[in-house]
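So the chains spell out like this:
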Amino acid sequence: MNLNTLFVGNVVQHFEALPSTNAYATELLAKTAPNEGTVISAGYQKAGRGQIGSSWTASAGKNLLLSVILYPRWLVAQQQFLLSRAVALAVADTITHYVDGEAQVKWPNDVYFGDKKLAGILIQNSLSGKYLQWSVVGIGLNVNEAAFPTDLPKASSMFLSTGQKFDLVEVQQTLFKRLEQRYLQVKNKPSITRAEYLQNLYRYQEWHHFQMVENGQAFLGQIIGVQENGKLAIQKQGSGVQYFDLKEVAFI
């Protein structure tokens, strides 16, 4: 039992390998009613996924690969990006706890340290009317990974960022604690979650080059905010503000 939390991680089902922790969790929800905070974890994922079908690569036994079952039935569907903000902040909190420096959230919910990606998040929601019914929060956090494929130049780990190996169980306990704190915060004080997401947003209010995915057009812009539905607001140089959904804009 995780003594540092009220419910997140109090039940953990760990497997040496799974195709996908998110897939296992959603199948579990279809058959039973697991306690809120139940965690499905794996030493290795055979078919890990990121946002919009992108893959997630990690070596066996070196990283945290897990999914958390939550019941945010108080959260209206139109505001479901609030949960994404909270989870991303929780992962950033965890990394910052161990690494000297501040982890940041790269929109929508990748977690970066410097210009390198240390974690990815995939949240799957089920709706009941206008409210969320359940959420499966998938998190892949690179902890002790020592090398990545050459086609992943932006990928890194806590080990590569510090030269230090970490106790996976301890990092996992910290993640559970931070996730519960941020989850309760978004329930009780969502304005704080919104504000801190912007404060920790990668390249926020800085001029950088971006690329429109549809036509490959590059432009200079400044992130000025994130809408309630999760769309990214970018002030384009010499033009107005444009709003982008997932996979519509790339960071250069």
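Throughout what follows, the structure given in this document is the object of discussion. (Residues numbered from 1 in each chain as written. Predicted model: local features only at pLDDT ≥ 70, side-chain atom pairs only at ≥ 80, totals over all residues. Heavy atoms only, no water.)

### A closer look at the overall build of the protein
Selection rule: Elements are defined by DSSP. Helices are runs of H or I of four residues or more, strands are runs of E of two residues or more, and each kind is numbered from the N terminus. Computation of the radius of gyration draws on C-alpha atoms alone. For the globule rule, the value is 2.2 Å times the number of residues to the power 0.38. We call two residues contacting when some pair of their heavy atoms lies within 4.5 Å. For the area figures, the Shrake-Rupley method with a 1.4 Å probe applies, and any residue is considered shielded solely by the protein chains shown. Just so you know, the count uses Lys and Arg for positive and Asp and Glu for negative, and it drops His and the chain ends. For this purpose, a charge sits on NZ of Lys, CZ of Arg, CG of Asp or CD of Glu.
Summing up its helical and strand segments, the protein has five helices and twelve strands in all. Whereas a compact globule of 252 residues would reach a radius of gyration of roughly 18 Å, the protein reaches 18 Å, a difference of no more than 12%. Projected onto the principal axes, the alpha-carbon positions of the protein cover approximately 55 × 45 × 30 Å. Once local pairs closer than 6 in sequence are excluded, the contacts in the protein between residues at least 24 apart make up 63%. Element-wise, carbon and sulfur atoms account for 49% of the exposed surface of the protein, whose accessible area totals about 11,900 Å². Side-chain charges of the protein comprise 22 positive and 19 negative groups, with the mean position of each set lying 4 Å from the other.

### Re the packing of helix α2 (residues 81–98) against helix α4 (residues 168–188)
This is how the line gets drawn: Lines are fitted to the C-alpha atoms to define the axes, a helix being fitted only along its stretch in contact, and any angle between axes, read from their N-to-C directions, falls within 0 to 180 degrees. It is the rotation of the near helix from the far one that decides the hand of a crossing: anticlockwise by less than a right angle makes it left-handed, clockwise makes it right-handed. Under the convention adopted here, Pro, Cys and the residues Ala, Val, Leu, Ile, Met, Phe, Trp and Tyr are nonpolar, Asp, Glu, Lys and Arg are charged, and Gly plus all remaining residues are polar.
Taken N-terminus to C-terminus, the directions of α2 and α4 make an angle of 145°; their axes are 8 Å apart at the nearest point. Read as a crossing pair, α2 and α4 show a hand that is right-handed. In this structure, α2 uses Leu82, Leu83, Ala86, Val87, Leu89, Ala90, Val91, Asp93, Thr94, His97 and Tyr98 to contact α4, whose residues at the interface are Glu170, Val171, Thr174, Leu175, Arg178, Leu179, Arg182, Tyr183 and Val186. Its residues assigned to classes, the contact of α2 with α4 comprises 13 nonpolar, three polar and four charged.

### Notes on α2
Going by this rule: Multiplying 1.5 Å by the residue count of a helix minus one yields the expected span of that helix. Classification of residues uses two cut-offs on accessible area relative to the type maximum, computed with a 1.4 Å probe and protein chains only: under 20% is buried, over 50% is exposed, and between them is partly exposed.
Here α2 contains 18 residues, and its C-alpha end-to-end distance of 27 Å stays within 8% of the 26 Å for a straight helix at 1.5 Å per residue. Most of α2 is tucked away: 15 of the 18 residues are buried.

### Side note on the sheet that holds strand β8 (residues 207–212)
Convention followed: Strand pairing is assigned whenever DSSP identifies at least 2 bridges connecting the two strands.
As summarised here, the arrangement of the five strands in space is β11-β10-β9-β8-β12, forming an open sheet in which the pairing is antiparallel. Single-partner strands in this sheet number two, and they are β11 (241–244) and β12 (249–251). Averaged over neighbouring strand pairs, the angle between their axes works out to 50° when direction is ignored. Two strands pair when backbone bridges link them, and strand β10 (residues 232–236) and β11 are joined in this way by four bridges, in the antiparallel orientation. Its bridge partner being in β11, glutamine 235 is matched across the sheet by valine 241.

### Brief notes about the pairing of strand β9 (residues 218–226)
The sheet contact formed by β8 and β9 spans five bridges and is antiparallel. By the bridge assignment, histidine 208 is partnered in β9 with glycine 221. Joining the antiparallel neighbours β8 and β9 is a turn of five residues, in which glycine 216 adopts a positive phi near 75°. The antiparallel pairing of β9 with β10 creates a hairpin that spans five residues between the two strands, and glycine 230 there sits at a positive phi of about 95°.

Any link to function would need more than the numbers given here.
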